[in-house]
Amino acid sequence: MYSIEELIDISETRIFKAVFPNTTNHYDTLFGGTALQMMDEVSFICATRFSRKKVVTISTDKIDFKKPIPQGTIIELVARISEVGKTSCTVKVDIYKEDMYQDVRERAVTGFFKFVAVNDQKQPIPIIDK
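Read on for a plain summary of the structure.

Cut-offs used in this document
Residues numbered from 1 in each chain as written. Predicted model: local features only at pLDDT ≥ 70, side-chain atom pairs only at ≥ 80, totals over all residues. Heavy atoms only, no water. Salt bridge = Lys/Arg side-chain N within 4 Å of Asp/Glu carboxyl O. Helix = DSSP H or I, 4+ residues; strand = E, 2+ residues; numbered from the N terminus. Buried < 20%, exposed > 50% of the residue type's maximum accessible area, 1.4 Å probe, protein only. Axes fitted to C-alpha atoms, helices over the stretch in contact; angles between N-to-C directions. Parallel < 35°, antiparallel > 145°, perpendicular 65-115°, else oblique. Left-handed = near helix turned anticlockwise from the far one by under 90°. Contact = heavy atoms within 4.5 Å. Nonpolar A, V, L, I, M, F, W, Y, C, P; charged D, E, K, R; others polar. 1 Å grid on protein atoms, 1.4 Å probe; cavity = no way out; pocket = protein on both sides within 12 Å on 5 of 7 lines; lining within 4 Å. Points joined across faces, edges and corners; volume = space filled by probe spheres on them. Pairing = 2+ DSSP bridges.

This model, assessed by the stated rule, comprises 13 salt bridges. Here Arg14 makes a salt bridge to Glu76, at a shortest N to O gap of 2.7 Å. Taken as a pair, Arg14 in strand S1 (residues 13-18) and Glu76 in strand S3 (residues 73-84) lie far apart in primary sequence, 62 residues in all. In this structure, Arg105 and Glu98 form a salt bridge, with 3.2 Å as the shortest nitrogen-oxygen distance. By relative accessible area, which is 41% here, Arg105 ends up partly exposed. Accessibility expressed as a relative area gives 22% for Glu98, which makes it partly exposed. Salt bridges here are not isolated pairs; linked through shared partners, they connect Asp9, Glu12, Arg14, Glu76, Arg80, Glu98 and Arg105.

Pasting the structure below:
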């Protein structure tokens, strides 16, 4: 049986993607909605790995788009549990952008996604078994 701290460490989730033209807007930067979709997906995976239960997104909080993400960059989404409640957890997601041909990496987006664990009847249940 893992401690909460160990579960948080082993459930950290990282996904890399390339930003292609089909995901960009008329400014040749990543669509905000596409970034949010990717963030929700990686945070869902992280929350599921943390709890090993069915979870659903119940809210997002404070999504900060700090830097534009241009077409032709590599992005890394990093999701990590930031808060644990009785039936819920909050996942912090950072998107880092990297130039494909230079050693430059910087955080571009940060957001928080809250999940609740549910049973087959869609009723809240404890997020982790203690």
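Running from N to C, helix H1 (residues 4-11) and helix H2 (residues 32-51) point in directions that differ by 140°, and their axes come no closer than 9 Å. Taken together, H1 and H2 sit at an angle that is classed as oblique. Here H1 and H2 pass one another in a crossing that is right-handed. Across the interface between the two elements, Ile4, Leu7, Ile8, Ile10 and Ser11 from H1 touch Cys46, Arg49 and Phe50 from H2. Here the residues of the contact of H1 with H2 are counted per class, giving six nonpolar, one polar and one charged.

For the largest pocket, the calculated volume is near 170 Å³. Surrounding the largest pocket, Met1, Tyr2, Ser3, Ile4, Leu7, Phe50, Ser51, Arg52, Ile128, Asp129 and Lys130 form its lining. Every element with two or more residues in the lining of the largest pocket is listed here: H1 and H2. Residue classes in the lining of the largest pocket are distributed as six nonpolar, two polar and three charged.

Reading across from one edge, S1-S3-S4-S5-S2 is the order of the five strands in this open sheet, with antiparallel pairing throughout. Looking at strand neighbours, the two that pair on one side only are S1 and strand S2 (55-65), the edges of this open sheet. Mean inter-strand twist for the sheet, computed between neighbouring axes without regard to direction, equals 25°. Of the strand pairs in this sheet, strand S4 (residues 88-99) and strand S5 (residues 105-117) are connected by 11 bridges, and their pairing is antiparallel. Within the sheet, the bridge partner assigned to Tyr96 lies in S5 and is Arg107. Sheet strands touched by H1: S1 and S3. Its angle to S3, the strand with the most contacts, is close to 165°. The strands that H2 touches are S1, S2, S3, S4 and S5; relative to S3, the one it contacts most, it runs at about 45°.

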